[in-house]
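One-letter residues, chain by chain:
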Amino acid sequence: MMEIELVQGDITAVRVDAIVNAANSSLLGGGGVDGAIHRRGGSAILAECRALRASRYGRGLPTGQAVATTAGNLPASWVVHTVGPVWSASEDRSSLLRDCYANSLRVADELGATSVAFPLISAGIYRWPVEDAVRQALAVLTAARPTTVTRARLVLFDATTHATAVGVRERLR
Ligand code: AR6
């Protein structure tokens, strides 16, 4: 069984084996949690991202997929970069959002990580409604088959988002 925690905070400060980055296909940085990870993690992360673009992902990391780099100066050991879908009111892209969690977990398992922290992927600049973003995250994490990962943490940036997430989990029980 994987323990799932909902915590409020800044994911760049979290001490776990792997933190997940809500990146974009370019892997070259951006705003939101991506910007924070590259700022605090230092240039080693970007250097590995550039190398990935030059080798495996010449056309960028596709939406829903995940790939790991060093975590540079962050307390974590690895950053698992994934690309969430941009919210669409006219098209159901939720399977891509679930793929982000499932593929990030798989990559963490391949690394032998036992603890992983996720941000609320797509729920910022990509505009995914917060309640549904939490539902999609919990759907994958609660159904995950046993891996090396025994602790998954969903890190909500502010108190309102954290309270919303706790409410969603209560209603799922
Ligand atoms: N720690 C934890 N959560 C955070 C942090 C942080 N330091 N900073 C923001 N959040 P977003 P997206 C929350 O926008 O929607 C970038 O430009 C934020 O409040 O980071 O997947 C990328 O390069 C929200 O709840 O990611 C892409 O272009 C959640 O993290 C694009 O944004 C996700 O918000 C990805 O957009």
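For clarity, every value in this text was computed on a predicted model and none was experimentally measured.

S.K.: I would appreciate a short explanation of the layout of surface pockets in the present structure.
M.R.: Sizing a probe to match a water molecule and rolling it over the atoms shows the empty space that remains. Taken as a whole, the largest pocket holds about 610 Å³ of empty space. Forming the boundary of the largest pocket are 29 residues, of which A22, G32, V33, L120 and G124 lie nearest the centre. Listing elements by their share of the lining of the largest pocket, those giving two or more residues are strand 2 (18-23), helix 1 (32-41) and strand 6 (151-156). By residue number, the principal contributor to the lining of the largest pocket is helix 1, which donates 6 residues. A class-by-class count of the residues in the lining of the largest pocket yields 15 nonpolar, 9 polar and 5 charged. What the second largest pocket holds in volume is close to 190 Å³. Residue assignment for the lining of the second largest pocket shows that the elements contributing at least two residues are strand 1 (3-8), helix 4 (130-143) and helix 5 (159-172). At 4 residues, the largest contribution of residues to the lining of the second largest pocket is made by helix 4. Each residue belonging to the lining of the second largest pocket can be placed in one class, and the counts come to 8 nonpolar, 1 polar and 3 charged.

S.K.: Looking at this structure, how should I read the sheet that holds strand 3 (residues 66-70)?
M.R.: Strand order in the open sheet made by the 6 strands is 1-6-5-2-4-3, with mixed pairing throughout. Across the chains shown, the open sheet's two edge strands, defined by having one partner strand only, are strand 1 and strand 3. Going across the sheet, the axis of each strand differs from the next one's by a mean of 25°, ignoring polarity. Where strand 3 lies against strand 4 (residues 78-83), 5 bridges are found, and the strand directions are antiparallel. Across the sheet, A66 pairs through a bridge with T82, a residue of strand 4.

S.K.: Looking at this structure, how should I read the site of the ligand?
M.R.: In the region of the ligand, 20 residues are neighbours, and N24, G31, V33, D34 and I125 sit closest. At 2.7 Å from an oxygen atom of the ligand is found a side-chain nitrogen or oxygen belonging to D34. Y126 places a main-chain nitrogen or oxygen 3.0 Å from an oxygen atom of the ligand. Notes on the ligand: free accessible area 700 Å², of which the protein chains cover 90%. Comparing atom positions with the cavity grids shows the ligand to sit within the largest pocket. Within the residue set of the shell around the ligand, elements represented by two or more residues are strand 2 and helix 1. Looking at the shell around the ligand residue by residue, the classes come out as 10 nonpolar, 8 polar and 2 charged.

S.K.: Help me understand the packing of helix 3 (residues 94-111) against helix 4 in this model?
M.R.: How two helices pack is summed up by the angle between their axes together with the distance between the axes. Across the interface, helix 3 lies against helix 4 with an axial gap of 9 Å and an inter-helix angle of 45°. Comparing their axes, helix 4 and helix 3 come out oblique. As for the relative orientation of helix 3 and helix 4, their crossing is right-handed in sense. Packed against helix 3, whose contacting residues are S94, L97, R98, Y101, A102 and L105, the element helix 4 presents A133, Q136, A137, V140 and L141 at the interface. Looking at the contact of helix 3 with helix 4 residue by residue, the classes come out as 8 nonpolar, 2 polar and 1 charged.

S.K.: How should I be thinking about the packing of aromatic side chains in this particular structure?
M.R.: Centre distance and the angle of the planes are the two values used to describe a pair of aromatic rings. Counted by the stated rule, this structure contains 2 aromatic pairs. Between W87 and W128, the ring centres sit 5.0 Å apart and the planes meet at 80°, which makes this aromatic pair edge-to-face. Placement of the pair is W87 in the loop between strand 4 and helix 3 and W128 in the loop between strand 5 (115-118) and helix 4, with a sequence separation of 41 residues. An angle of 40° between the planes, with centres 5.2 Å apart, marks the rings of Y101 and F118 as tilted. Placement of the pair is Y101 in helix 3 and F118 in strand 5, with a sequence separation of 17 residues.

How each quantity is defined
- Residues numbered from 1 in each chain as written.
- Predicted model: local features only at pLDDT ≥ 70, side-chain atom pairs only at ≥ 80, totals over all residues.
- Heavy atoms only, no water.
- 1 Å grid on protein atoms, 1.4 Å probe; cavity = no way out; pocket = protein on both sides within 12 Å on 5 of 7 lines; lining within 4 Å.
- Points joined across faces, edges and corners; volume = space filled by probe spheres on them.
- Helix = DSSP H or I, 4+ residues; strand = E, 2+ residues; numbered from the N terminus.
- Nonpolar A, V, L, I, M, F, W, Y, C, P; charged D, E, K, R; others polar.
- Pairing = 2+ DSSP bridges.
- Axes fitted to C-alpha atoms, helices over the stretch in contact; angles between N-to-C directions.
- Near = heavy atom within 4 Å.
- Polar contact = N/O pair within 3.5 Å; in protein donor to acceptor, adjacent residues only side chain to side chain.
- Areas by Shrake-Rupley, 256 points an atom, 1.4 Å probe, with all protein chains shown as cover.
- Sits in = over half its atoms within 2 Å of the grid points.
- Parallel < 35°, antiparallel > 145°, perpendicular 65-115°, else oblique.
- Left-handed = near helix turned anticlockwise from the far one by under 90°.
- Contact = heavy atoms within 4.5 Å.
- Phe/Tyr/Trp six-rings, centres within 6.5 Å; stacked < 30°, edge-to-face > 60°.

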